[in-house]
Structure formats: C-alpha cells, structure tokens
Amino acid sequence: MKHYLTLLAAAALSLSGCAPFNYVAPDAPVAALSVAPIHPRPRIAVVLGSGGPRGYAHIGFIKIAEQAGIVPDLIVGSSVGALIGSFWASGMSAAEIETRALSGGPLTLFDLSPFADRGWIQGQKLQDYVNRELGVPTLEQLKRPMIVVATRRDDKVATFFRSGNVGVAVRASSAVPKVISPVGIAGIEYEDGDESLPLAVKAARDAGAQFVIAVDVSARDGSAPPGVSPDWLARDAKRRARIVPEVALADFVIHPDMGYFASPRREFFLRAQAAGEAETKARMAELLGLLKARGLR
C-alpha cells in the first residue's frame, strides 16, 4: 500500500505544472444556449438521460429499439447519455456498444487529476477513448445528428454542442462536479449535463423532431429505502424538478426500474442493461402503435 501511495503522489507531482484543461484547437466544440432547427426535420429523436452507471440501461433500450427497427434521426444526450449516444450516432450497433461497455469501456477509464479540488479524475482518457473508438473527429461527422448537453460551470446554464470534437464534448457533458475535472473550451468551463438538463427533451423539440422518445434512467420516485440521508433526498428532488418539465414534452418515455442505489460494479451494469431491455420490450407494442398512428412506421 505504501508503494502504491508513493506512485500516486509521484504521478500527481509530475502533473503539478499543468494548467486546468482548456481546449482551444480549431475543432473545439461550439457551445450554444439554444438549439436551432435541423433540416431536414428529424422524424424520430431519442433523448438519453444522465445517470452514471445507470446509463447501461440505455444499451438495453438501444438493443430492443434496434430489433424493432426504430432508427432515430436525432440523438440527444446528457452525461452518460451523451457518451452512449455518441457511440450509437456513429453507427455502432447495440452489440458493438455492449462489447465496449462491458469490457473495460469508458466508464472504467480513470486518470488521476493534479487538481483534486476540481475532481479526482482528469477526463483525458475518456476523451481519447471516445475519439479513438468512434474514428471521427467531430460531431458533425457522425452518421446521425447528435446534440451533446453540458452545463456552463459559472452560472449552471445548459449549453448544447452540435459541432466540434466529439471526445471533448462528451468529456464536458460527463464532468461530474468534484469527481471529473471541469472542461475548459475556449476559456469557458463546462461540467456535467446532469447539473442543468438531465433529460433534454426540449432540445429535441427545438431541433424540430416530430416524435421524441425519452429514456430516463434516474431513480424512480419513492424508490429510496428508509435511512437515506436528507442530502441525498434533496439532491434527488432537485434532479427530478429538472426532469419533470422535460418529460412532459416527450411523446413517449421509457423509465427502467433499477432500484435506488447504483454501483460501479459489473453486476450492476448487467442489471441496469437488463432493466432497460425489459422495460423497453414490455412497452414496445405501445410505442410502435404510436409511431404507426403518426405515420412514422
């Protein structure tokens, strides 16, 4: 243990001369405070919500949607929803996403940050992994339109990325405060999309989507067991207050039940994915009926 701590200290010292991350390359993601209409108008949009390890439920949803022949014209993602959504937007199948997620994928890529007060994970490995696996440098080069949601750190305002480096945008959207360091882009810092829009349905509406499917992977109301701390409950209430108005704008909502507590362990990943599959499969007939009624099948 002493040798391990020495190595960690050495790693931190080797990075001590670094400045906080600030991406200023020509392909820097371009932030917008609103979403402009997309042309041609998207027929079906899928909005993937934030939730850390709960995001494995998104893979279950994608698997069943794929089997049913549902192909979105637009994907909107916050935090883990942006991560998994970018893989889907690149053209990867559910099986390809699952293979990456369950074999040392992006949610297991931790790199020690020299700025512990800003988050103990730096986020560079996540950025590099996304760019390497997708094989395209920018959001606009993905096979399907993608909107990545992040939060402007200084005022907690939601921002939207539709162009620029994919890995940087996903890294910004996933920068959980005090866990993953905030991401500077052209001098402005961004953090987790969960802090402003955990489920960005309005963004899909503003883009012009005719039918919006929202996948909410947050804990369900009333699922907290006795003894949960008041701080956790207050945090949950704030998140739910951000989600409820967005849910009201969706045409169809999938909300898998994974229980209250999440875990960064493989058994939870598998349980979350199974919950996403089960919930989507149980409601697929209803969804297909709505799509057919709207002339989208």
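Residues numbered from 1 in each chain as written. Predicted model: local features only at pLDDT ≥ 70, side-chain atom pairs only at ≥ 80, totals over all residues. Heavy atoms only, no water.

Peer 1: Can you break down unusual backbone geometry residue by residue, with the values?
Peer 2: His-39 connects to Pro-40 through a cis peptide bond whose omega is -5°. In this model, Lys-156 sits at a positive phi of 65°, which is unusual for a non-glycine residue. Taking relative accessible area as the criterion, Lys-156 reaches 42% and is therefore assigned partly exposed. Positioned with a positive phi, Lys-178 is a non-glycine residue whose angle comes to about 70°. (Buried < 20%, exposed > 50% of the residue type's maximum accessible area, 1.4 Å probe, protein only.)

Peer 1: I'd like a rundown of the environment of Pro-53, residues and numbers included.
Peer 2: Mapped onto the elements of the fold, Pro-53 is located in the loop between strand E3 (44–48) and helix H2 (56–67). The exposure class assigned to Pro-53 is partly exposed, which follows from its relative accessible area of 22%. Spatially, the C-alpha atom of Pro-53 lies 6.5 Å from that of Ser-263, the residues being 210 residues apart in sequence. (Helix = DSSP H or I, 4+ residues; strand = E, 2+ residues; numbered from the N terminus.)

Peer 1: Requested: an account of the environment of Gly-167, with residues and values cited.
Peer 2: By the secondary structure assignment, Gly-167 is in helix H6 (residues 166–173). With 36 residues separating them along the chain, Gly-167 and Asn-131 place their C-alpha atoms 5.2 Å apart. Ignoring any residue separated from it by four or fewer positions in sequence, one finds Gly-167 in contact with Gln-127, Val-130 and Asn-131. (Contact = heavy atoms within 4.5 Å.)

Peer 1: Tell me about the pattern of salt bridges, and name the residues and values.
Peer 2: The full count for this structure, using the stated rule, is 19 salt bridges. One salt bridge in this structure joins Asp-221 and Arg-240, with 3.7 Å as the shortest N-O distance. Highlighted residues: Asp-221 in the loop between strand E11 (211–215) and helix H8 (230–247) and Arg-240 in helix H8, separated in sequence by 19 residues. We classify Arg-240 as buried; its relative accessible area is 15%. Its salt-bridge partner being Arg-294, residue Asp-251 comes within 3.1 Å of it at the nearest N-O pair. Separated by 43 residues along the polypeptide, Asp-251 in the loop between H8 and strand E12 (252–254) and Arg-294 in the segment after helix H9 (266–293) bring together distant segments of the chain. For Asp-251, a relative accessible area of 21% translates into the label partly exposed. According to the relative accessible area criterion, Arg-294 is partly exposed, its value standing at 46%. The network of salt bridges with common partners includes Arg-118, Arg-153, Lys-156, Glu-189 and Glu-191. (Salt bridge = Lys/Arg side-chain N within 4 Å of Asp/Glu carboxyl O.)

Peer 1: Which residues make up H9, and what are the values?
Peer 2: With 28 residues, H9 should cover 40 Å at 1.5 Å per step; its first-to-last C-alpha distance of 40 Å lies within 8% of that length. Listed in full, the buried residues belonging to H9 are Phe-268, Phe-269, Ala-272, Gln-273, Ala-275, Gly-276, Glu-277, Glu-279, Thr-280, Met-284, Leu-287 and Leu-291. Buried positions along H9 lie against E3, H2, helix H4 (94–101), E11 and E12. The first or second residue beyond H9 is Gly-295, which carries a positive phi of 75°. (Expected span 1.5 Å × (residues − 1).)

Peer 1: Just give me the short version of the nonpolar core, but keep the residues and values in it.
Peer 2: If you look at the biggest cluster of nonpolar residues, it comprises 61 residues, and the most contacted ones within it are Phe-61 and Phe-161. Discounting chain neighbours no more than four positions away, the residues touching Phe-161 are Pro-29, Val-30, Ala-31, Leu-139, Met-146, Ile-147, Val-148, Ala-150, Ala-169, Ala-172, Ile-185 and Tyr-190. By size, the runner-up hydrophobic cluster in this structure holds 23 residues, among which are Ala-158, Phe-160, Leu-199 and Ala-203. (Core = buried A, V, L, I, M, F, W, Y, C linked by side-chain atoms within 4.5 Å.)

Peer 1: A description of the packing of aromatic side chains should follow, citing residues and the corresponding values.
Peer 2: Summed over the entire model, instances satisfying the criterion amount to eight aromatic pairs. Look at Phe-161 and Tyr-190: their rings are 5.4 Å apart centre to centre, the planes differ by 75°, and that puts the pair in the edge-to-face class. Remark: Tyr-190 occurs in strand E10 (residues 188–191) and Phe-161 occurs in strand E7 (residues 157–161); sequence separation between them is 29 residues. Considering the side-chain rings of Tyr-260 and Phe-261, the 5.0 Å spacing of their centres and the 85° angle between planes classify their relative orientation as edge-to-face. Judged by its relative accessible area of 10%, Tyr-260 is buried. (Phe/Tyr/Trp six-rings, centres within 6.5 Å; stacked < 30°, edge-to-face > 60°.)

Peer 1: Before we move on, can you summarise the packing of helix H5 (residues 124–134) against H6 with the specific residues and values?
Peer 2: Relative orientation of the contacting elements H5 and H6 amounts to 140°, with a least axis distance of 8 Å. In terms of orientation, H5 lies oblique with respect to H6. Here the hand of the crossing between H5 and H6 comes out right-handed. Between H5, through Gln-124, Leu-126, Gln-127, Val-130, Asn-131 and Leu-134, and H6, the contact on the second element is made entirely by Val-166, Gly-167, Val-168, Val-170 and Arg-171. Taken together, the residues of the contact of H5 with H6 sort by class into six nonpolar, four polar and one charged. (Axes fitted to C-alpha atoms, helices over the stretch in contact; angles between N-to-C directions. Parallel < 35°, antiparallel > 145°, perpendicular 65-115°, else oblique. Left-handed = near helix turned anticlockwise from the far one by under 90°. Nonpolar A, V, L, I, M, F, W, Y, C, P; charged D, E, K, R; others polar.)

Peer 1: How would you summarise the confidence of the model for the protein if you had to cite specific residues and measurements?
Peer 2: For the protein, per-residue confidence averages 91 on the pLDDT scale, and residues scoring 70 or more make up 92% of the total. Low confidence marks residues 1–17, where pLDDT is under 50. Its contacts with residues over four positions away, or in another chain, come to eight contacts. (pLDDT = per-residue confidence, 0-100.)

Peer 1: Lay out the packing of helix H3 (residues 80–89) against H6 with the relevant residues and their values.
Peer 2: Orientation of H3 relative to H6, taken along the N-to-C sense of each, is 155°, at an axis distance of 7 Å. Considering their axes alone, H3 and H6 lie roughly antiparallel with respect to each other. Considering only the axes of H3 and H6, their crossing is right-handed. In contact with Ala-82, Leu-83 and Ser-86 of H3, H6 contributes Val-166, Val-170 and Ser-173. Each residue belonging to the contact of H3 with H6 can be placed in one class, and the counts come to four nonpolar, two polar and no charged.

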